[in-house]
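Tertiary structure, described
Here's the letter readout for the chains.
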Amino acid sequence: MKKLVIIPAYNECGSIKKAVDDIKIHAPDFDYVVINDCSTDETPDVCRKYDLNHVNLSVNLGIGGAVQTGYIYACQNGYDVAVQFDGDGQHDAAYLEQMAQKLSESGSDMVIGSRFIEKEGFQSSGIRRVGIRYFSALIRLLTGRRVTDPTSGMRMVNRDVMRIYAGSYPKDYPEPESVMAILRMGKKVMEMPVVMKERKEGTSSIGGLRSVYYMIKVTLAILMERLRR
């Protein structure tokens, strides 16, 4: 199988090369592409200096637009599997091959790396854990399916879901909404335990008042997705 790691990056100059090196060392069977989302720091300079495979977006599209660009790239280049992998150093590439095996052997359409199955490693902040449990409960209420980590940015998909996401993908804070969308299509979503690390560089896009906006926006998006299908 041709396997691609999609690394959305906005102002991740301090960690992006480490993320790529992690993939090269621990998941050598995977190709990768960095989607530079019009960063205002030295991220594009780092990509050029170390000859990282990257796509530069001319305008900032947000996390959803950057990830969708990665899925378009995957479809256009004939990949069978694509996995989203954060460029901030929180994800561990050592899990990627195991995720690919689970995706293939189980016949799943998506495998999510969940930090809440075995509850090891960095578990996010207390307030974010409350939000994650809320979205997990909402998705279960609307679909009957349990997803312990619906906000995880470490998700691997097959070619079918890749094509769906290349055509349509939520624009901001997309993880819970995009999981909800394919569950409503009858796709098979599974989780496997992973250990995540705390961000060492850069800052999260969710904080302060934006966390309130995040909760309201994603809730409405999930409800609209439920009504649309």
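Presented here is a report on the structure given in the accompanying data block. (Residues numbered from 1 in each chain as written. Predicted model: local features only at pLDDT ≥ 70, side-chain atom pairs only at ≥ 80, totals over all residues. Heavy atoms only, no water.)

**Concerning the overall build of the protein**
Within the protein one finds eight helices and seven strands. For the protein, the C-alpha atoms occupy an extent of roughly 50 × 40 × 35 Å along the three principal directions. When the 229 residues of the protein are sorted by exposure, 51% land in the buried category. For the protein, the share of sequence-separated contacts (at least 6 apart) that also reach a separation of at least 24 residues comes to 77%. For the protein, the computed accessible surface area is about 10,600 Å², with 52% contributed by carbon and sulfur atoms. Here the protein carries 31 positive and 28 negative side-chain charges, and the mean point of each set is 6 Å from the other. (Helix = DSSP H or I, 4+ residues; strand = E, 2+ residues; numbered from the N terminus. Buried < 20%, exposed > 50% of the residue type's maximum accessible area, 1.4 Å probe, protein only. Contact = heavy atoms within 4.5 Å. Areas by Shrake-Rupley, 256 points an atom, 1.4 Å probe, with all protein chains shown as cover. Lys, Arg positive; Asp, Glu negative; His and termini not counted. Charge placed at Lys NZ, Arg CZ, Asp CG, Glu CD.)

**A short note on the pairing of strand S5 (residues 110-114)**
Counting buried positions along S5 yields five of five residues, so the element is predominantly enclosed. On S5, burial covers both faces: Met-110, Ile-112 and Ser-114 on one face and Val-111 and Gly-113 on the other are all buried. In this structure, S5 lies alongside strand S6 (residues 155-158), joined through three bridges in antiparallel fashion. Within the sheet, the bridge partner assigned to Val-111 lies in S6 and is Met-156. (Pairing = 2+ DSSP bridges.)

**Some thoughts on a positive patch on the surface**
The grouping of Lys-119, Arg-133, Arg-140 and Arg-146 at the surface amounts to a positive patch. In this structure, Arg-133 sits in helix H5 (residues 126-143). (Patch = residues over 30% accessible without salt bridge, like charges linked within 9 Å, V, L, I, M, F, W, Y side chains within 5 Å. Salt bridge = Lys/Arg side-chain N within 4 Å of Asp/Glu carboxyl O.)

**Quick look at the state of the cysteines**
With the rule as written, the count across this model stands at zero disulfides. Lacking any disulfide linkage, Cys-13 is separated from the closest cysteine sulfur, that of Cys-47, by 10 Å. (Disulfide = S-S within 2.5 Å.)

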